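Chain residues, written in single-letter form:
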Amino acid sequence: MVATKSDTESKEWDCHRLGFCTVSLVVEVVLIILFSLFVAYSDEAKSTNATAEAELGTHYPFFQDVNVMVFVGFGFLMTFLHKYGFSAVGYNFVISAFAIQMAILCTGLFERVYENSAEGPHPGHGFDEPLELSIVGMIKSLFAAAAVLISFGACLGKTTPTQLVVMTLFEIFFFSVNEMIAVFHFKAVDMGGSMVVHTFGAYFGLAVSRTISKSNVVPATSTEPKHEIAHKNDASKKTTDMFAMIGTLFLWMFWPSFNGALASDAQQQRVAINTFLSLAACACSAFIADSLMRPHHKFDMVSIQNATLAGGVAVGSAADLVIQPWGALLIGFIAGIISVVGYVYITPFLSKHMGLHDTCGVHNLHGMPGIMGGIAGAVSASMASPVSESGLYASDDRIASIFPARAPCQGNWTQANFNAAPCGLNASEQAAQQILALVVTVAIAIVAGIITGFIIKMPCFLPPGHSWAQWCKCGDGLKRDYWFDDVHYWEVPSDDEEDDSEVDEEGVKGTQVEDGKETVIELAEVNTAENDEAENTDTQ
């Protein structure tokens, strides 16, 4: 019996989908082996004394709050696409689970590498002792997972499950390298992760997105200007926007815990106050700016779901610093406006002129506010002085507890030691270290994202019909026919198809970018040819 073409294609697709099982199984087995060799419980995890119980009581509530942000907040925030809900929540779940395991190993090993180079070989700082895992280490792994999810937002709907696992593997590696350089080598203070989490995750994801995809831009003609045609499935419904708003509210409520999870007891209250005030001001300014900038002065759920969170990102680096309540409000107010400006003007500009397709607008929520947070941290560091010098900090010792590099150099500290771990810095030198860490973070993120993008767009990670001829072209990855649709990798209930037909009749609302302005359009009318192609591929 000769197999038909459809039978052959179906088997090829089945084989392609099994690639996720193969890659994931190999990664998980390797992780288990590496954990057995290099990871052990910390003394606190093995003990039941008062110190261990105190650490658990202090950090476990923060651990759970960050857990909710990663698995519920980020997951539901990405469910706005009307045909990609299963993938948004499901992939968010699985790549976070992989990222946590990878981060425990990578961040721990790179910390050991740094300690060994900066302080010299001695027991506990090389690889002669296992990595000690505590509740603090689990929180750090969730921070790394958050960076991966931010990158996932930029690529949402344009990748296969296998690509996401591979992207996670490489991103955690580069994240750990960057964290070692920024936090341990430059001694930059970044309590809430404005730089190492949000900025890195955003620009890594944007670099990956531009490498594996590009906007569908129509050149200018004599009758109409250059504009973008939105994908038929790159749109939301009222129900999906409501689910995404649930994610927004979870993130908004728990963001103070994210920024303060690793703060000391004396700093945690200040972190909570600064973050909460920044978020409150940001929510207000986002609504104000959105009403002011949108056509007919109506609110847009895209901005409200995302820009209202920018204050938590922007205040991250300065969250534990003495910036005063009015300073926290000012940071949040500015962040909300910047984020809305990004959604209304900057994203359409980048899409039209650079071909950059940013599905969730991570540049507006995490990228620009993250850079703003890094700058705010540098400004705050430059003004950190004791009360005796008309400053806001109680003493030099208090400053040194917040900025480790401000502490005096100890013992026979050589220039080589200083290059590896700066010490004795003044306020302006600390501010310079903060800016240097920010610049290096952006550079590493973009370069690493481009490298990772070319790796994951290899045909072996893509469905049938992709060739090596496309691999070398920046922007050519997964074909647009397979974008933003659960049906290719999920069992979709039959009643969902009926819902889709109802949506098609009503006309799903989307946006067409023209001269930097977003115009509401009926996507069902725009991409008629593209719809027909997608229907043919869905039969697979």
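Residues numbered from 1 in each chain as written. Predicted model: local features only at pLDDT ≥ 70, side-chain atom pairs only at ≥ 80, totals over all residues. Heavy atoms only, no water.

Describing the overall build of the chain
Okay, step 1: Counting secondary structure elements, the chain contains 20 helices and 6 strands.
Okay, step 2: Expressed as a percentage of the 540 residues in the chain, the buried residues total 53%.
Okay, step 3: Long-range contacts, defined here as pairs at least 24 residues apart, represent 77% of the contacts in the chain between residues at least 6 apart.
Okay, step 4: When the accessible surface of the chain is summed, it comes to about 23,300 Å², and 64% of that surface belongs to carbon and sulfur atoms. (Helix = DSSP H or I, 4+ residues; strand = E, 2+ residues; numbered from the N terminus. Buried < 20%, exposed > 50% of the residue type's maximum accessible area, 1.4 Å probe, protein only. Contact = heavy atoms within 4.5 Å. Areas by Shrake-Rupley, 256 points an atom, 1.4 Å probe, with all protein chains shown as cover.)

Some thoughts on a negative patch on the surface
Okay, step 1: On the surface, a cluster of negative charge is contributed by Glu44, Asp128, Glu129 and Glu132.
Okay, step 2: For Glu129, a relative accessible area of 41% gives the class partly exposed. (Patch = residues over 30% accessible without salt bridge, like charges linked within 9 Å, V, L, I, M, F, W, Y side chains within 5 Å. Salt bridge = Lys/Arg side-chain N within 4 Å of Asp/Glu carboxyl O. Lys, Arg positive; Asp, Glu negative; His and termini not counted. Charge placed at Lys NZ, Arg CZ, Asp CG, Glu CD.)

Some details on the packing of aromatic side chains
Okay, step 1: What the rule picks out here adds up to 20 aromatic pairs.
Okay, step 2: Residues Phe76 and Phe243 carry aromatic rings whose centres are separated by 6.1 Å and whose planes lie at 20 degrees to one another, so their mutual orientation is stacked. Linking Phe76 in helix H3 (residues 50–77) with Phe243 in helix H8 (residues 238–260), this pair joins segments that are 167 residues apart in sequence.
Okay, step 3: The class of Phe243 is partly exposed, set by a relative accessible area of 40%.
Okay, step 4: With centroids separated by 6.2 Å and ring planes inclined at 10 degrees, the aromatic side chains of Phe250 and Phe254 adopt a geometry described as stacked. Here the residue Phe250 and the residue Phe254 both occupy positions in helix H8, the gap between them amounting to 4 residues, near one helical turn.
Okay, step 5: Feature note: the residues Tyr84, Phe86, Tyr91 and Trp490 constitute an aromatic cluster, connected by ring pairs. (Phe/Tyr/Trp six-rings, centres within 6.5 Å; stacked < 30°, edge-to-face > 60°.)

Quick word on the state of the cysteines
Okay, step 1: Tallying each qualifying case throughout the model produces 1 disulfide.
Okay, step 2: A sulfur-sulfur separation of 1.8 Å characterises the disulfide bridge that pairs Cys409 with Cys423. Classification of the bridge connecting Cys409 and Cys423 rests on its S-S torsion, roughly 95 degrees, and on that basis the disulfide is right-handed. Taken together, the positions of Cys409 in the loop between helix H14 (396–402) and helix H15 (415–420) and Cys423 in the loop between H15 and helix H16 (427–456) put the pair 14 residues apart, joining distant regions of the chain.
Okay, step 3: Of the cysteine sulfurs around Cys360, a residue in no disulfide, the closest is that of Cys155, at 9.6 Å. (Disulfide = S-S within 2.5 Å.)

Quick notes on the nonpolar core
Okay, step 1: Core analysis: the biggest nonpolar cluster contains 109 residues, and Leu156, Val197 and Phe403 have the highest contact counts within it.
Okay, step 2: Here this core takes 14 residues from helix H5 (residues 135–155), the largest share from any one element.
Okay, step 3: The residues contacting Phe403, other than those within four sequence positions of it, are Val189, Leu321, Ala381, Ala384, Tyr393 and Gln430. (Core = buried A, V, L, I, M, F, W, Y, C linked by side-chain atoms within 4.5 Å.)

Some remarks on the confidence of the model for the chain
Close reading of the predicted structure is inappropriate where its pLDDT is low.
Okay, step 1: Model confidence for the chain is summarised by a mean pLDDT of 85, while 86% of its residues fall at 70 or above.
Okay, step 2: Segment residues 501–509: pLDDT under 50, and 18 contacts once partners within four positions in sequence are set aside and those in other chains are kept.
Okay, step 3: Segment residues 511–540: pLDDT under 50, and 74 contacts once partners within four positions in sequence are set aside and those in other chains are kept. (pLDDT = per-residue confidence, 0-100.)

Overview of unusual backbone geometry
Okay, step 1: Unusually for a residue other than glycine, Gln324 sits at a positive phi of about 70 degrees.
Okay, step 2: Topologically, Gln324 is positioned in helix H12 (residues 324–354).
Okay, step 3: Phi angles above zero are rare outside glycine, and Phe484 is one such case at about 55 degrees.
Okay, step 4: Counting through the fold element by element, Phe484 comes out in the loop between helix H17 (468–471) and helix H18 (494–506).

A few points about a nonpolar patch on the surface
Okay, step 1: Judged by side-chain polarity, Leu25, Val29, Ile33, Leu37 and Phe38 come together as a nonpolar surface patch covering roughly 460 Å² of accessible area.
Okay, step 2: If you trace the backbone, Leu25 turns up in helix H1 (residues 5–38).
Okay, step 3: Judged by its relative accessible area of 57%, Leu25 falls in the exposed class.

Some points on the packing of helix H6 (residues 161–185) against H16
Okay, step 1: Where H6 contacts H16, the axes come no closer than 10 Å and their chain directions differ by 160 degrees. When the axes of H6 and H16 are compared, the pair comes out roughly antiparallel. In the crossing of H6 with H16, the sense of the turn from one axis to the other is right-handed. Where H6 abuts H16, its residues Gln163, Val166, Met167, Phe170, Phe174, Asn178, Ile181 and Ala182 lie against Ala437, Val440, Thr441, Ile444, Ala448, Thr452, Ile455 and Ile456. (Axes fitted to C-alpha atoms, helices over the stretch in contact; angles between N-to-C directions. Parallel < 35°, antiparallel > 145°, perpendicular 65-115°, else oblique. Left-handed = near helix turned anticlockwise from the far one by under 90°.)

Digging into the packing of H12 against helix H13 (residues 362–382)
Okay, step 1: Packing of H12 against H13 leaves a shortest axis separation of 9 Å and a crossing angle of 135 degrees. Between H12 and H13, the crossing angle belongs to the class labelled oblique. Crossing of H12 against H13: the hand is right-handed. Taken together, the residues of H13 that come into contact with H12 (itself represented by Ile331, Ile334, Ala335, Ile338, Ser339, Gly342, Tyr343, Ile346, Thr347 and Leu350) are His363, Asn364, Leu365, Met368, Met372 and Ala376.

Observations regarding the side chain of Ser176
Okay, step 1: Relative to the assigned elements, Ser176 resides in helix H6.
Okay, step 2: Not counting the four nearest positions on each side in its chain, Ser176 is found in contact with Cys106, Thr107 and Phe110.

Points about the pattern of salt bridges
Okay, step 1: Enumeration according to the criterion identifies 5 salt bridges in this entry.
Okay, step 2: Linking Asp14 and Arg17 is a salt bridge whose minimum nitrogen-to-oxygen distance equals 3.3 Å. One end of the pair is Asp14 and the other is Arg17, both in helix H1 and 3 residues apart, which spans about a single turn.
Okay, step 3: Given a relative accessible area of 40%, Asp14 falls into the partly exposed group.
Okay, step 4: Residue Lys83 is joined to Asp485 by a salt bridge in which the shortest nitrogen-to-oxygen separation is 3.3 Å. Note that Lys83 is positioned in the loop between H3 and helix H4 (85–119) and Asp485 in the loop between H17 and H18, a separation of 402 residues in sequence. The two residues Lys83 and Asp485 agree in class, both being buried.
Okay, step 5: The structure contains a network of salt bridges with shared partners spanning Asp290, Arg294 and Asp300.

Some thoughts on the environment of Gly90
Okay, step 1: Its location among the elements puts Gly90 in helix H4.
Okay, step 2: On the accessibility criterion, Gly90 (19% relative accessible area) is buried.
Okay, step 3: Here the alpha-carbon distance between Gly90 and Phe71, two residues 19 residues apart in the chain, equals 9.7 Å.

Some words on the side chain of Thr248
Okay, step 1: Looking at the secondary structure, you find Thr248 in helix H8.
Okay, step 2: Classification of Thr248 as buried rests on a relative accessible area of 1%.
Okay, step 3: In this structure Thr248 touches Leu77, Ile304, Gln305, Thr308 and Leu309, once residues within four positions along its chain are discounted.

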